Amino acid sequence: MNTRPNDILICGGGTAGWMAANLFMHNWPDASVTLIESDNIGIIGVGEGSTPSLKQFFKTLGVSDQEWMPQCNATYKVGIRFPNWSDKQGYESYFHPFFSELDIKPGEPFFHNSKLQRKGVQANAHPDHYFVTAQMARQKTSPISNKYPNLDIDYGYHFDSGLLGEFLKNRAIKNGLNHIIDDISHVEVDQQGLDAFIKYVEANNSGKHKADLFVDCTGFKSLLMQNALKVEFKHYKENLFNDSAVAIATDIDLSEGITPETRSTALKYGWAWQIPLANRYGNGYVYSSDYVSSEEAEKELKEHLGITDDNVKVRHLKMKVGRLQQHSVSNCLAVGLSQGFIEPLEATALMLVQYTIEQYISTVDQPNENDKYTVFNNKVNNMMEGIRDYIVAHYVLNSRNDTDYWRDCRNAKKSETLTELLAAWNGDGNFEDMLNRLDNYLVYLRPSWYVILMGMGHFPTPNIIQPTELNKVFDYTKSRNYCGQLVDDVFPDHVSTLKGMYKDKWPS
Ligand SMILES: Cc1cc2nc3c(=O)[nH]c(=O)nc-3n(C[C@H](O)[C@H](O)[C@H](O)COP(=O)(O)OP(=O)(O)OC[C@H]3O[C@@H](n4cnc5c(N)ncnc54)[C@H](O)[C@@H]3O)c2cc1C
């Protein structure tokens, strides 16, 4: 594809399809965009947490929080808490914050103490003490300051994914999208092989659909890219063992406030998410079916949530973890679960959807040189590999001993990048130099690596080296007090902020 397409056919109306529709219509206003989705095949409907990139998505579209959040029972998110990933005393839980400029000042002593503790000095570098967002989560505040309205920090969201799809669908239709509800029955490909391209997509009632660009948003089915164009799928099974999930919604008691964090609690054979929305909690257990049956996983999740009611609605899901070798092939682009999936431990899937579409748009708009689609495919693959490495780090660094699952996870296959990075941390090498050297391959940046390593207590037993004038330890209570005072001064209660925004839509 060397020029902007005139006709775009998006196949699939999950969150990926509707995000794609809105971004294409925004960036290429002259294109005619059609979306075809099935009434019979549902959406996956469980992606309820985001990274801060979703804030950028809505900013690009010119949609304010006030406009979309009340329609989607959305709340704010400033990071993720990880309880029970480590057995090490004092490191049973840690918070992975979304960093913002406010964290620069209290963050510096964290890096300083982390470096000392890594060398064996007792320096208390547990990340929970050093970041403003960790304090915001403890105090259940919103990231929106009434007192300083121009303060614009990074934050993400929790939301009902079905309602987010509805919001984006209505917006796209209002802006002129052609919406077809029908089942795709056939994808016609011309010239199987290297130069294969899609001729048309055929649906039961509406017939053949031709387009300049076909966007595969058909979820794990990957009807166009994998089924029709036979693009190879690279499994991450050796790196990440989890392939299943079970989801259950529970009530939320708003009188207790809303913590602006996802909780990702390690259980016996995986981990359980808890996501606070305005009207309920979204919960689920991501596990490996090689180690536990779906019945046992459901039982363990119910016990974890304190559910005794046998009639509660339960959804079991299978996950295909890995990625396509190419995300763009001739006149087809794969977006969302159809292009691959990494388990949702850091809630990165929609970030990848957005990244893929935005990179694709800028690739098409570039001059046609230097094999620009190879560059595009490599970029998306690097993004997926970089996310995977950070997720794998959670497993290989775990120190649980209660099941074979966790013991085996410590030996999960690591990429060369992750191997080098952890070797630099564990050995005498210069970790900062290694972070710089691997910069092109890492999606997660320096703060996230320090947070996971220190948060899981992954450092030598302290007191090997005594603190000296040169190795002076920073008093962590100063950072904690600084963050506490700042949050008291700047950020209001989360529920109050949401109530003000939702007005009569607030669940009573
Ligand atoms: C357990 C779990 C937890 C997750 N948590 C998160 C999270 O916290 N954060 C996050 O960002 N992501 C998360 N995700 C991922 C997220 O749910 C998806 O990335 C997101 O919902 C996009 O899905 P999709 O649109 O690609 O696919 P789907 O939602 O599966 O949509 C597929 C669409 O294709 C259509 N379709 C399929 N076949 C046909 C056909 N023959 N004819 C016509 N239409 C067809 C369907 O009707 C549907 O509209 C999670 C995923 C799982 C499995």
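The model shown is predicted, which means the values in this text are computed figures rather than measured ones. (Residues numbered from 1 in each chain as written. Predicted model: local features only at pLDDT ≥ 70, side-chain atom pairs only at ≥ 80, totals over all residues. Heavy atoms only, no water.)

Inspection of the secondary structure assignment puts Ser145 in the loop between α5 (132-139) and β6 (156-158). Owing to a relative accessible area of 4%, Ser145 belongs among the buried residues under this scheme. In this structure the side chain of Ser145 is engaged in a polar contact, spanning 2.9 Å, whose partner is the backbone nitrogen of Tyr148. Here the side chain of Ser145 touches Val490 through a polar contact of 2.9 Å, landing on its backbone oxygen. Apart from the residues lying within four places of it in its own chain, the contact partners of Ser145 are Leu151, Val490, Phe491 and Pro492. (Helix = DSSP H or I, 4+ residues; strand = E, 2+ residues; numbered from the N terminus. Buried < 20%, exposed > 50% of the residue type's maximum accessible area, 1.4 Å probe, protein only. Polar contact = N/O pair within 3.5 Å; in protein donor to acceptor, adjacent residues only side chain to side chain. Contact = heavy atoms within 4.5 Å.)

Turning our attention to helix α10 (residues 372-396). In this model α10 runs 36 Å from its N-terminal to its C-terminal C-alpha over 25 residues, within 8% of the 36 Å that 1.5 Å per residue would give. Within α10, 20 of the 25 residues are buried, which leaves it mostly tucked inside the rest of the structure. (Expected span 1.5 Å × (residues − 1).)

This brings us to the domain arrangement of the protein chain. We note that the domain assignment places domain 1 (7-48 + 160-236 + 322-385), domain 2 (88-151 + 391-488) and domain 3 (244-318) within the protein chain. In this complex, domain 2 contributes 13 residues to the contact, which on the side of domain 3 involves 14 residues. For the pair domain 2 and domain 3, the summed buried area comes to about 1,000 Å², and 59% of that belongs to carbon and sulfur atoms. When residues of domain 2 are sorted by the area they lose upon contact with domain 3, Lys140, Tyr405 and Trp406 head the list and together hold 46% of the total. At the surface where domain 2 touches domain 3, the tally comes to zero salt bridges. Contributions of two or more residues to the side of domain 2 that touches domain 3 are made by α5 and α11 (404-409). Among the elements that line the side of domain 2 that touches domain 3, the one with the most residues is α11, at four residues. Looking at the side of domain 2 that touches domain 3, its residues break down into six nonpolar, two polar and five charged. (Domains from an automatic or database assignment. Buried area = accessible area lost by both parts, 1.4 Å probe. Salt bridge = Lys/Arg side-chain N within 4 Å of Asp/Glu carboxyl O. Nonpolar A, V, L, I, M, F, W, Y, C, P; charged D, E, K, R; others polar.)

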